[in-house]
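# Observations on the model geometry
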Amino acid sequence: MASCLHSSSICFSLNPSSDIPPYKASASAAFLQSATPGAISLRSLIDSSGSYLDRFRGANVGRMRSKICAISTQVVDDSLSKSKTPSSRVPTIVDVDLGNRSYPIYIGSGLLDEPDLLQRHVHGKRVLVVTNTKIAPLYLDIVVQALTRDNPRVSVENVILPDGEQYKDMDTLMKVFDKAIESRLDRRSTFIALGGGVIGDMCGFAAASFLRGVNFIQIPTTVMAQVDSSVGGKTGINHRLGKNLIGAFYQPQCVLIDTDTLNTLPDRELASGLAEVIKYGLIRDAEFFEWQEKNMHLLMARDPNALAYAIKRSCENKAEVVSLDEKESGLRATLNLGHTFGHAIETGFGYGQWLHGEAVAAGMVMAVDMSHRLGWIDESLVKRVHNILKQAKLPTAPPESITIEMFKSVMAVDKKVADGLLRLILLRGPLGSCVFTGDYDRQALDETLCAFCKS
């Protein structure tokens, strides 16, 4: 991991496919690259103050698990299209390393037909499955069967919520609590999130809050949830003034990704999830971005091996970042490329009008435009971002109805604002490098907003 320290910015460049992965390197071999010429060794920085790693909650570069090391270096080429079905139900496992709160991400085809994967993570005898009106008819019975097969001691309740971002609010969340209390669930109960990002966020927040915390499991059924929102413990709901402003960090016991659930995913939802896949390549994994440029047509065609690889690689990236910075003190914030602009689009346009990934895609274009105006990236990268988003059939501009003032008013209450300063994730340097900073020319932000919005 290369990083540059600044009074109000941190930049990162971390490619999990480099010849010497950061998790193999010792702390003394890693380095922090200063924003000015020259470099500061990580060891000398730690020896002098110890403060930098404290900001990342005691994480160190050398502690990443060998399991991630083994799979992060794999490269898949166009030959993956030759085989249309994965050969085994043995899951790929990516670990999220958080000490005694570590957990596995299981990735594979047909995993909902492997009951042991779920049952081993259920605590107690009571389970509450939280799902929605779209997913319940498709997968609720299958999950209940997986939980109860040869396991008569477990009883399963369910609550079926309305589908859509517009229902990610306190009123809908209360339906989960109502069901849990009416069913007399106790602290040894397990909540299971069965659905996309909205269900995962709400179920996780309910689990974090009910009786001050119960066990929960993520079973994501959308690309968006599988590659991003189900991993890392961010949970919460929206407020009318801003997205995800109410919530908690609360880690699941496991994430079970059955890639077969994507067979029922609408095309628009598929494309939306690919926005987050593209993001990983832009901020920290240049080789993965280049793979996407070559294989986006396979992802859009739902090639099972291409999707499985993209999900795995995305989870590896997310797991590594979360392991180093669980509660977003710096590094994890870089996973929000395009999200500050994107959340403003979702809030200003109305929750549910655009899918999250659609708003993030337009937000990434705006962040890339601003990065270029600041002189931090060259024009060729701007064009590559436009091209890959168009291949994924994602928007490259916000809705025409969103004004500059709407952007500014929503961005002012963004979670990344600190002491009144709006910090942004922007690209800086070669592909795969970014900066989380409040130290930028405000004129560049104004010019970007003017370029994409009406006054």
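Thresholds applied
Along each chain, residues carry numbers from 1 onward, in the same order as the chain's sequence is written. With pLDDT at 70 or above as the cut-off, local features in this predicted model cover only qualifying residues; side-chain atom pairs require 80 or more to be listed or tallied, and sums for whole chains, interfaces and linings still use all residues. Note: side-chain values were computed over all heavy atoms of the structure, leaving out hydrogens and water. Helix numbering and strand numbering both begin at the N terminus, where a helix is a DSSP run of H or I of at least 4 residues and a strand a DSSP run of E of at least 2. Type-normalised accessible area, obtained with a 1.4 Å probe on protein chains alone, sets the label of each residue: buried when under 20%, exposed when over 50%, and partly exposed for intermediate values. The contact criterion used is simple: two residues touch if any of their non-hydrogen atoms lie within 4.5 Å. The protein chains shown are the only cover counted for residues, whose accessible areas, like all others here, come from Shrake-Rupley with a 1.4 Å probe. To estimate the expected span of a helix, count its residues, drop one, and scale the result by 1.5 Å. Here the arc refers to the set of directions running from the helix axis out to each C-beta atom. For every element, the axis is a line fit to its C-alpha atoms; helices are fit only across the contacting stretch, and the angle between N-to-C directions ranges from 0 to 180 degrees. Note on terminology: angles under 35 degrees are roughly parallel, angles over 145 are roughly antiparallel, angles of 65 to 115 are roughly perpendicular, and the others are oblique. Two helices cross in a left-handed way if the nearer one is turned anticlockwise from the farther one by less than a right angle. They cross in a right-handed way if the turn is clockwise. Residues are grouped as follows: nonpolar covers Ala, Val, Leu, Ile, Met, Phe, Trp, Tyr, Cys and Pro; charged covers Asp, Glu, Lys and Arg; every other residue, Gly included, is treated as polar. Think of it this way: a Phe, Tyr or Trp ring, Trp meaning its six-membered ring, pairs with another when their centres are within 6.5 Å, and the plane angle makes it stacked under 30 degrees, edge-to-face over 60, tilted otherwise. The rule for a charge over a ring is simple: NZ of Lys or CZ of Arg within 6 Å of the ring centre, and within 35 degrees of the ring normal. Should a side-chain nitrogen of Lys or Arg be within 4 Å of a carboxyl oxygen of Asp or Glu, the pair is scored as a salt bridge. In this analysis, strands are considered paired if DSSP registers two or more bridges between them. A score from 0 to 100, pLDDT tells how confident the predictor is in each residue. We call a pair of cysteine sulfur atoms a disulfide whenever their separation is within 2.5 Å.

A word on the overall build of the chain. In terms of regular secondary structure, the chain is built from 16 helices and 17 strands. The buried share of the chain, taken over its 455 residues, is 58%. Residue pairs at least 24 apart in sequence account for 76% of intrachain contacts in the chain once pairs closer than 6 positions are excluded. For the chain, the accessible surface area stands at approximately 18,100 Å², while carbon and sulfur atoms represent 50% of it.

For helix H6 (residues 170–182), with 13 residues, the first-to-last C-alpha span of 18 Å sits near the 18 Å given by 1.5 Å per residue. Among the residues of H6, those classed as buried are Thr172, Leu173, Val176, Phe177 and Ala180. Looking straight down H6, one finds its buried side chains confined to an arc of 155°; they lie on one side. In H6, those exposed residues whose orientation departs by more than 90 degrees from the buried face are Asp171, Ile181 and Glu182. On its buried side, H6 packs onto strand E7 (126–132), strand E8 (155–161), strand E9 (190–195), helix H7 (197–209) and strand E11 (234–239).

With that settled, the discussion passes to the packing of helix H9 (residues 267–284) against helix H11 (residues 304–324). Contact pair H9 / H11: the axes reach a minimum separation of 10 Å and the direction vectors enclose 55°. Relative to H11, H9 is oriented oblique. Our pair here, H9 against H11, has a crossing hand that is left-handed. Contact residues: H9 offers Leu270, Val277, Tyr280 and Arg284, while H11 offers Leu307, Ala310, Ser314, Asn317, Lys318, Glu320 and Val321. Here the contact of H9 with H11 is composed, by residue class, of 6 nonpolar, 2 polar and 3 charged.

Here the structure, examined in full by the defined rule, presents 7 aromatic pairs. Centre to centre, the rings of phenylalanine 341 and phenylalanine 407 are 6.3 Å apart; their planes meet at 65°, and the pair counts as edge-to-face. Pair noted here: phenylalanine 341 is in helix H12 (residues 339–349) and phenylalanine 407 is in helix H15 (residues 404–411), with a separation of 66 residues, a long-range link. A centroid spacing of 6.2 Å and a plane angle of 85° characterise the contact between phenylalanine 349 and tryptophan 354, whose relative ring orientation is edge-to-face. Looking at tryptophan 354, the relative accessible area reads 17%, which means it is buried. Arginine 428 extends its terminal NZ or CZ atom over the ring of tryptophan 376, reaching a point 4.4 Å from the ring centre. Residue placement shows arginine 442 over the ring face of tyrosine 440; its charged tip is 3.9 Å from the ring centre.

By the element assignment, isoleucine 377 lies in the loop between helix H13 (356–373) and helix H14 (379–391). Separated by 49 residues in sequence, isoleucine 377 and leucine 426 have C-alpha atoms that sit 9.6 Å apart. Ignoring any residue separated from it by four or fewer positions in sequence, one finds isoleucine 377 in contact with Val368, Ser371, His372, Val382, Leu427, Arg428 and Gly429.

So, about the pattern of salt bridges. Under the counting rule described, the total for this entry stands at 21 salt bridges. Linking glutamate 157 and arginine 126 is a salt bridge whose minimum nitrogen-to-oxygen distance equals 3.8 Å. Highlighted residues: glutamate 157 in strand E8 and arginine 126 in strand E7, separated in sequence by 31 residues. Notably, a salt bridge pairs aspartate 285 with arginine 313, separated by 2.8 Å at the nearest N-O pair. You can see aspartate 285 sitting in the loop between H9 and helix H10 (286–300) and its partner arginine 313 sitting in helix H11, a full 28 residues away along the chain. On the accessibility criterion, aspartate 285 (0% relative accessible area) is buried. Salt bridges sharing partners connect three or more residues here, namely Asp228, Glu276, Lys279 and Lys318.

Our focus in this paragraph is the packing of H9 against H10. Contact pair H9 / H10: the axes reach a minimum separation of 7 Å and the direction vectors enclose 160°. Our classification of the angle between H9 and H10 gives roughly antiparallel. Regarding H9 and H10, the two cross each other, and that crossing is left-handed. On the side of H9, the interface is formed by Leu270, Leu274, Val277, Ile278, Tyr280, Gly281, Leu282 and Arg284, while H10 contributes Ala286, Phe288, Phe289, Gln292, Met296, Leu299 and Met300. Class assignment for the residues of the contact of H9 with H10 results in 12 nonpolar, 2 polar and 1 charged.

So, on to unusual backbone geometry. A negative phi holds for most residues other than glycine; trans holds for most peptide bonds. Within the chain, arginine 184 stands out as a residue other than glycine whose phi angle is a positive 55°. Taking relative accessible area as the criterion, arginine 184 reaches 72% and is therefore assigned exposed. One non-glycine residue, asparagine 244, adopts positive backbone phi at about 60°. Mapped onto the elements of the fold, asparagine 244 is located in strand E12 (residues 242–249).

The buried fraction of strand E17 (residues 433–437) amounts to 5 of the 5 residues, a majority that puts the element mostly inside the structure. The alternating pattern of E17 places Ser433, Val435 and Thr437 on one face and Cys434 and Phe436 on the opposite face, and all of these are buried. When strand E16 (residues 424–427) meets E17, the two strands line up antiparallel, connected through 4 bridges. Each residue of the ladder has a partner; that of leucine 424, found in E17, is threonine 437. Adjacent in sequence and paired antiparallel, E16 and E17 are bridged by 5 residues, among which glycine 429 carries a positive phi angle near 95°.

What follows concerns H12. Of all 11 residues that make up H12, 9 are buried, and the element is covered over most of its length. Listing the buried residues of H12 in full gives His339, Thr340, Phe341, Gly342, His343, Ala344, Ile345, Glu346 and Thr347. The positive-phi residue at the C-terminal boundary of H12 is glycine 350, with phi of around 110°.

In this model, the chain carries a mean pLDDT of 84, and residues with pLDDT of at least 70 account for 80%. Low pLDDT, under 50, characterises residues 81–88; the stretch is placed with 12 contacts to residues that sit more than four places away or in other chains.

The next thing to look at is the state of the cysteines. For the coordinates displayed, the defined rule picks out 0 disulfides. With no disulfide partner, cysteine 453 has as its closest neighbouring cysteine sulfur the one in cysteine 450, 8.1 Å distant.

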